[in-house]
Amino acid sequence: AAAIQSSEMGSRRGMLLVDAPRVGGEMDASSGSVRDFCETRSIPFERVDTASAAAPSIDKSGKGPGLVALLRAATRFASQMGVIHFNCLADAEGMTLRWAEEMIAVAEPSAAASDFVKRSRADRGTLAELCALETRVEVDGALHTVLGKHVQRDDGVGGGEVGAYLFRRASPGERLGSEEAGGLLAVWRDKIVASHAALPGDLIATILDADAKVVLAPLLADDDEEGGDGMRHERLGGMWSSDAIDFFNAFYHALYVVGADAVAALGAATLVQPNCHHFRCHMKINGEILTLKAGDDDLLPDED
C-alpha cells in the first residue's frame, strides 16, 4: 500500500465543502466543524451552498443551477483542491443539490392524516398531536415544515372538531446522479471524495471511473428495514449528529496531520467514533472497485 499512501494527498491539499440544506441552519454544525478544521490548520478551503444557488443568466449546457454552482466552485478552486466533502442528503438516485418546495394541506380526521402520521415515524397518535409537538417532520424522505392549522367544529352527524394542517414540503429538485457526475470528469480526477450520506453504487462507480482516488461514504445498513431504499439512503448520513462530526474530525486529522492514507484514516476515525462503523472507502485498483472497511489496509496492493 506504500504507493497509494505516498500519493494520497499530493500537492493539492485544499478542501471544497458542498452542502445543500433544506432549511436555514440545518447543516451549520457539521459544515462548521469541517470549516473550522481547515481554518485552524491553514488548509485552503472553499464552500458552496448549491441549494441557494441562483439560476445562471447564461448557461447553454443544460445543467441545473446546483450543478453549475458546483462546477464553477470546483473550477475556481482546482489548483488547490484535493478533497471534495459533500454534506448533502442522498437517495437511490443521487445526492440532492437543490430542493423543490410546495405547500400541502392535510385534513384530520381522514385516512390521509392517519397515513401521514404513520409514515412520519414520529411516534405520535394524531396529526394534531404531531403538529403540537414538532415544527418539522420527515415523511417519505421529504421534510415537512409545519406552517399553521385551522380547526373548527363539525356540526354534522359525527360532531367533534375538524382540523386542516398546512405544511411546506421540501423534496429533491435537482440531484447529482451518475449521469450528471459523468459530465464532471475533470472535477473528480485525483480527488478524495467524502460524503455524509450513503451513495448509490452507480454514482460511486462513475466518480471512481473518472480517476478519483477514493470515495468515502457510509453503506446502507443490512438490518435497516424501515421504508424503501430512498428513505434509507437519506437517513443514514447522520449529518447533524455529533457522531458524524467526531468521525470526520478524526478522519481528516489522520489524513492531513498524521499523513495516513484514506483506509488507515478510516480505521482511526472508526476507533474514535465506533457508531460510524458503517463508513467505507471505495477505491478502483487494477480495474476493479474495492469496498474497504476499517482494518482492511492489508487488502491494498503493495508497491511493485
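To start, this report covers the structure provided alongside it.

The rules behind the values
- All chains use their own residue numbering, which begins from 1 and follows the written sequence.
- Per-residue local features of the predicted model are confined to residues with pLDDT of at least 70, and side-chain atom pairs are confined, for both listing and counting, to 80 or more; whole-chain, interface and lining totals are unaffected and use all residues.
- Computation of side-chain values: all heavy atoms of the structure, hydrogens and water removed.
- What is meant by a nonpolar core is a set of buried Ala, Val, Leu, Ile, Met, Phe, Trp, Tyr and Cys residues, joined one to another through side-chain atoms within 4.5 Å.
- Each residue is assigned to one of three classes by its accessible area relative to the maximum for its type, calculated with a 1.4 Å probe on protein chains only: buried under 20%, partly exposed between the two thresholds, exposed over 50%.
- Numbering goes from the N terminus for both helices and strands, where a helix is a DSSP run of H or I of at least four residues and a strand is a run of E of at least two.
- Any pair of residues with heavy atoms lying within 4.5 Å of one another is described as a contacting pair.
- In this scheme Phe, Tyr and Trp rings, the latter by its six-membered ring, pair at centre separations within 6.5 Å, and the angle between planes marks the pair as stacked below 30 degrees, edge-to-face above 60, and tilted otherwise.
- Note on geometry: a ring has a charge over it if NZ (lysine) or CZ (arginine) is within 6 Å of the ring centre and within 35 degrees of the ring normal.
- An expected span of 1.5 Å times one less than the residue number is assigned to each helix.
- Here, a salt bridge means any Lys or Arg side-chain nitrogen found within 4 Å of an Asp or Glu carboxyl oxygen.

1. Some thoughts on the nonpolar core
Here is step 1: Of all hydrophobic cores here, the largest spans 37 residues; its most connected members are Leu16, Phe86, Leu176 and Trp188.
Here is step 2: Elements with a contribution of two residues or more to this core: strand 1 (14-19), helix 3 (65-76), strand 3 (81-87), strand 5 (94-108), strand 8 (161-176), helix 7 (185-188), helix 8 (201-209) and strand 10 (214-218).
Here is step 3: Per-element tally for this core: the top contributor is helix 3, with five residues.
Here is step 4: The residues contacting leucine 176, other than those within four sequence positions of it, are Leu67, Leu70, Phe86, Glu93, Gly94, Met95, Leu97, Ala181, Leu184, Trp188 and Leu203.

2. Here we look at the packing of aromatic side chains
Here is step 1: Applying the stated criterion across every chain, the model contains eleven aromatic pairs.
Here is step 2: Arranged with centres 6.1 Å apart and planes meeting at 45°, the rings of phenylalanine 37 and tyrosine 252 form a pair that is tilted. Here phenylalanine 37 is found in helix 2 (residues 28-40), whereas its partner tyrosine 252 is found in helix 10 (residues 242-258), with 215 residues between them in sequence.
Here is step 3: Classification of tyrosine 252 as buried rests on a relative accessible area of 1%.
Here is step 4: These aromatic residues form a ring-pair network of at least three members: Phe37, Phe247, Phe248, Phe251, Tyr252, Tyr256 and Phe279.
Here is step 5: Here the guanidinium or amino end of arginine 22 rests over the ring plane of tryptophan 99, the centre of that ring lying 5.7 Å away.

3. Let's talk about helix 10
Here is step 1: Taking 1.5 Å per residue as the helical rise, helix 10 with its 17 residues ought to reach 24 Å, and the 22 Å between its terminal C-alpha atoms agrees with that figure.
Here is step 2: Within the sequence span of helix 10, burial applies to Ala244, Ile245, Phe247, Phe248, Ala250, Phe251, Tyr252, Ala254, Leu255 and Tyr256.
Here is step 3: Once helix 10 ends, the next one or two residues include glycine 259, with phi positive near 85°.

4. As for the pattern of salt bridges
Here is step 1: Overall, the coordinates contain 15 salt bridges when judged by the stated rule.
Here is step 2: A salt bridge links arginine 119 to aspartate 140, with the nearest nitrogen and oxygen atoms 2.2 Å apart. Residue arginine 119 is found in helix 4 (residues 111-120), and its partner aspartate 140 is found in the loop between strand 6 (136-139) and strand 7 (142-153); the two are separated by 21 residues along the sequence.
Here is step 3: Classification of arginine 119 by relative accessible area gives partly exposed; the value is 29%.
Here is step 4: Between lysine 284 and aspartate 209 there is a salt bridge whose closest N-O contact spans 2.5 Å.

Worth remembering: the numbers are spatial, not functional.
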